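Structural characterization, general
Spelled out, the chains give:
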Amino acid sequence: DAGVTQSPTHLIKTRGQQVTLRCSPKSGHDTVSWYQQALGQGPQFIFQYYEEEERQRGNFPDRFSGHQFPNYSSELNVNALLLGDSALYLCASSLAGRKQETQYFGPGTRLLVL
Amino acid sequence: AQKITQTQPGMFVQEKEAVTLDCTYDTSDPSYGLFWYKQPSSGEMIFLIYQGSYDQQNATEGRYSLNFQKARKSANLVISASQLGDSAMYFCAMRDGADKLIFGTGTRLQVFP
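Report follows, based on the coordinates.

About the thresholds
- Residues numbered from 1 in each chain as written.
- Chains lettered and ligands numbered in written order.
- Predicted model: local features only at pLDDT ≥ 70, side-chain atom pairs only at ≥ 80, totals over all residues.
- Heavy atoms only, no water.
- Disulfide = S-S within 2.5 Å.
- Helix = DSSP H or I, 4+ residues; strand = E, 2+ residues; numbered from the N terminus.
- Buried < 20%, exposed > 50% of the residue type's maximum accessible area, 1.4 Å probe, protein only.
- Salt bridge = Lys/Arg side-chain N within 4 Å of Asp/Glu carboxyl O.
- Phe/Tyr/Trp six-rings, centres within 6.5 Å; stacked < 30°, edge-to-face > 60°.
- Lys NZ or Arg CZ within 6 Å of the ring centre and 35° of its normal.

Concerning the state of the cysteines
By the definition in use, this model includes 2 disulfides over all chains. Each disulfide pairs two cysteine sulfurs, and for C23 of chain A the partner residue is C91 of chain A, the sulfurs being separated by 1.7 Å. Looking down the S-S bond of the C23 of chain A and C91 of chain A bridge, the torsion is -55°, so its handedness is left-handed. Separated by 68 residues along the polypeptide, C23 of chain A in strand β3 (residues 19-24) and C91 of chain A in strand β9 (residues 87-94) bring together distant segments of the chain. Taken individually, C23 of chain A and C91 of chain A each receive the classification buried, so the pair is uniform in this respect. Covalent S-S linkage joins C23 of chain B and C92 of chain B, the inter-sulfur distance amounting to 2.0 Å. Disulfide C23 of chain B-C92 of chain B: the torsion about the S-S bond is -60°, which places it as left-handed. Placement of C23 of chain B in the loop between β3 (19-21) and β4 (24-26) and of C92 of chain B in strand β10 (residues 88-95) is noted, with a sequence separation of 69 residues between them.

Structure (structure tokens):
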């Protein structure tokens, strides 16, 4: 049973560039959530996708956008990168509709913006 | 506003001893879930244990147990018989009514021989 996978594992970009991160959910899961974890902090919720639509969003600017595909995989796009976007980006998957559902995380993508 | 508080930035425990990691939460939602995750230096968040707000009994998963005190709004993680491999960051999280997770700032646990 494949777990949550993310690509790439590491990424280096410069300010102003754009980046796309990818996530494949755990088998059988239909909901994908994205989190940003700055160094020394707990993860912060960016947004969640279900049925190819953004279901809810955290306190992140519009530079952060996403997409969910029919196979439930998801992308996180960040435009006009800032130094402060350097962080570990975590993807989590779950199954919608179950009240006690656990979110399972992937290994993350470490983004460094220079 | 919903919030998770972890007041212990770091904890030390000797191998084979038990350790308690503290977590308090704040929410006005009567229905919520509480989670503990382990994050090794590799970065992946590993699910450890879950407690629902309506669960009558404290959750247990192997060496992990959750000391849930609803009136005090605390959900402490107890790790019994600590192992060297337990050294990691530990995060307490709450799932709100909208199904997103709210995390605390974490506790770094170091297990020494």
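Considerations on the pattern of salt bridges
Residue and element names in this part refer to chain A. Across all of its chains, the model carries 5 salt bridges over all chains by this definition. A salt bridge links E75 to R22, with the nearest nitrogen and oxygen atoms 3.4 Å apart. Here E75 is found in strand β8 (residues 74-78), whereas its partner R22 is found in strand β3, with 53 residues between them in sequence. Relative accessible area serves as the criterion here: at 41%, R22 is assigned to the partly exposed category. The shortest N-O distance in the salt bridge between R63 and D85 comes to 2.8 Å. Residue R63 is located in the loop between β6 (53-57) and β7 (64-68), and its partner D85 is located in the loop between β8 and β9; the two are separated by 22 residues in the primary sequence. On the basis of relative accessible area, D85 is assigned to the buried category, the value being 4%.

Some remarks on the packing of aromatic side chains
Using the criterion set out here, one finds 16 aromatic pairs over all chains in the structure. Each ring, one from Y35 of chain A and one from F45 of chain A, has its centre 5.6 Å from the other, and the planes form 65°; the classification is edge-to-face. On the criterion of sequence distance, the pair formed by Y35 of chain A in strand β4 (residues 31-37) and F45 of chain A in strand β5 (residues 44-50) is long-range, its members being 10 residues apart. Centroid distance F60 of chain A to F64 of chain A: 5.1 Å. Interplanar angle 65°. Geometry classified as edge-to-face. Here F60 of chain A matches F64 of chain A in class, with each residue buried. Taken together, the ring pairs connect Y35, F45, Y104 and F105 of chain A together with F35, Y37, F47, Y50, F91 and F103 of chain B into an aromatic cluster. For the cation-ring pair, K26 of chain A lies above Y104 of chain A, with the distance from its terminal atom to the ring centre recorded as 5.3 Å. Lying across the ring of Y64 of chain B, R63 of chain B places its NZ or CZ 5.6 Å from the centre.

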